[in-house]
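Structural overview
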Amino acid sequence: VLIEAHKRFYPFDFCPGFWRALLLWHKDKRVFSIDRVKKEIDEGRDELTAWANNTAPQSFFKKTADKAVIDSFREMVEWVYNEPQYTAAAKAEFANEADGWVVAYGKENGLAVVTQEVHDPDIRKKIPIPNLCEQFEVDYMNTFEMLRDLGVKLVLGTQGK
C-alpha cells in the first residue's frame, strides 16, 4: 500500500494528510508495516524512502524474524509452489517479494492486511495478496476501507489558496 499510495493515490505533495494519518494511527498501534516492505521502499531511493527513513519511527516497520512468521511464510511458499494455477515466474516473484511476508505477519499476529489488490481466482502471472489471505484465512481490506475504518477524513485546507 505504501509504495502504491506514494506513486498513485496519495503523493506527498498534494496529500500530506494521508501520511500524517498513518503516523497518527501508528501511535495508537493500529497502523504499521514490516521490515521487508521497508527494504523494498529503500530500493526506490525517492521521497517515500526519505519518509520511511527520516519521518516514520523505526517502530513503524515490524521485524519479521520471528519463528512463527517464518514458518507461516514457508507454508505459504509451499502452497504457492504446489499450485499449478500460477506460472513459474509468478512463483519465483512471490518468493522474493514482501507480499507473502506481510500476509504471514498478519496471520501470526491476528491482523488485517491492507492492499489495493483484488481477489482473482483465475490469475496466473501473479499471486495477489487477497488470494493468499483467503487461502490462509487472513482478513484483508483496501486502503479506502482502512481509512474509513480509522475515521480518517482528508479535507481540503486553505493553504496554497
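Provided above is the structure to which this section pertains.
Residues numbered from 1 in each chain as written. Predicted model: local features only at pLDDT ≥ 70, side-chain atom pairs only at ≥ 80, totals over all residues. Heavy atoms only, no water.

**What about the environment of K38?**
In plain terms, the rule: Working definition: helices are DSSP H or I runs of at least four residues, strands are E runs of at least two. Numbering for both runs from the N terminus. Accessibility here uses a 1.4 Å probe with only protein chains present; expressed as a share of the type maximum, an area under 20% marks a residue as buried, one over 50% as exposed, and anything in between as partly exposed. Residue contacts follow a heavy-atom distance rule, with two residues in contact if any of their heavy atoms lie within 4.5 Å. Two N or O atoms count as a polar contact when they lie within 3.5 Å, although within protein this holds only if one can serve as hydrogen donor and the other as acceptor, and sequence-adjacent residues are included solely when both atoms are side-chain atoms.
The topology assignment puts K38 in helix α3 (residues 35-44). The exposure class assigned to K38 is buried, which follows from its relative accessible area of 16%. Each C-alpha atom, one on K38 and one on L48, is 9.8 Å from the other, the two residues being 10 residues apart in sequence. Other than its neighbours up to four places away in sequence, K38 contacts A52, N53 and F61. Among the polar contacts listed, one links the side chain of K38 to the side chain of N53, at a separation of 2.5 Å.

**Some points on the packing of aromatic side chains**
Cut-off, in case you're wondering: A pair of Phe, Tyr and Trp rings is counted when the ring centres sit within 6.5 Å of each other, with Trp represented by its six-membered ring. The angle between the planes then sorts it: under 30 degrees is stacked, over 60 is edge-to-face, the rest tilted.
All chains considered together, the criterion is met by 14 aromatic pairs. Considering the side-chain rings of F18 and W19, the 5.0 Å spacing of their centres and the 85° angle between planes classify their relative orientation as edge-to-face. Neither F18 nor W19 differs from the other in exposure class; each is buried. Ring geometry for F73 and W101: centres 4.0 Å apart, planes at 15°, overall stacked. Of this pair, F73 sits in helix α5 (residues 67-82) while W101 sits in helix α7 (residues 99-109), and the two are 28 residues apart along the sequence. The pair formed by F73 and W101 is uniform in burial state, with each residue classed as buried.

**Description of the packing of helix α1 (residues 2-9) against helix α2 (residues 16-27)**
Threshold: In this analysis, axes come from line fits to C-alpha atoms, helices being fitted only over the stretch in contact, and the angle between any two N-to-C directions falls in the range 0 to 180 degrees. The labels follow the angle: roughly parallel below 35 degrees, roughly antiparallel above 145, roughly perpendicular from 65 to 115, and oblique for the rest. Crossing handedness follows the turn of the near helix against the far one: under a right angle anticlockwise gives a left-handed crossing, and clockwise gives a right-handed one. Gly falls in the polar group here, along with every residue not listed as nonpolar (Ala, Val, Leu, Ile, Met, Phe, Trp, Tyr, Cys, Pro) or charged (Asp, Glu, Lys, Arg).
In the contact formed by α1 and α2, the axes pass within 11 Å of each other and the chain directions differ by 160°. Accordingly, the angle class assigned to the pair α1 and α2 is roughly antiparallel. Where α1 crosses over α2, the handedness of that crossing is right-handed. Across the interface between the two elements, L2, A5 and H6 of α1 pack against F18, W19 and L22 of α2. In terms of residue class, the contact of α1 with α2 is built from five nonpolar, one polar and no charged.

**Some remarks on the layout of surface pockets**
Short version of the rule: Here a cavity means grid points, on a 1 Å grid over the protein atoms only, where a 1.4 Å probe fits yet cannot get out; a pocket means an open set of points with protein on both sides within 12 Å along at least five of seven lines; lining residues are those with an atom within 4 Å of a point. Grid points are joined across faces, edges and corners, and a volume is the space filled by probe spheres set on the points.
Computed from the structure, the largest pocket encloses a volume of approximately 890 Å³. Lining the largest pocket are 33 residues, and of these V1, V102, V113, V114 and T115 lie nearest its centre. Counting only elements with at least two residues in the lining of the largest pocket, the list comes to α1, β1 (33-34), α3, α7, β3 (113-114) and α9 (143-150). Looking at the lining of the largest pocket, the element that brings in the most residues is α7, giving four residues. Here the second largest pocket defines a volume of roughly 220 Å³.

**Some details on unusual backbone geometry**
In the Ramachandran plot, R45 falls in the positive-phi region, its phi being about 45° despite a non-glycine side chain. The residue R45 is located in the loop between α3 and α4 (47-54) in this model. A relative accessible area of 73% means that R45 is categorised as exposed. Positive phi is not limited to glycine here, since E137 has a value of about 55°. Positionally, E137 belongs in the loop between α8 (129-135) and β4 (140-141). Residue E137 is classed as exposed on the basis of its relative accessible area, which comes to 75%.

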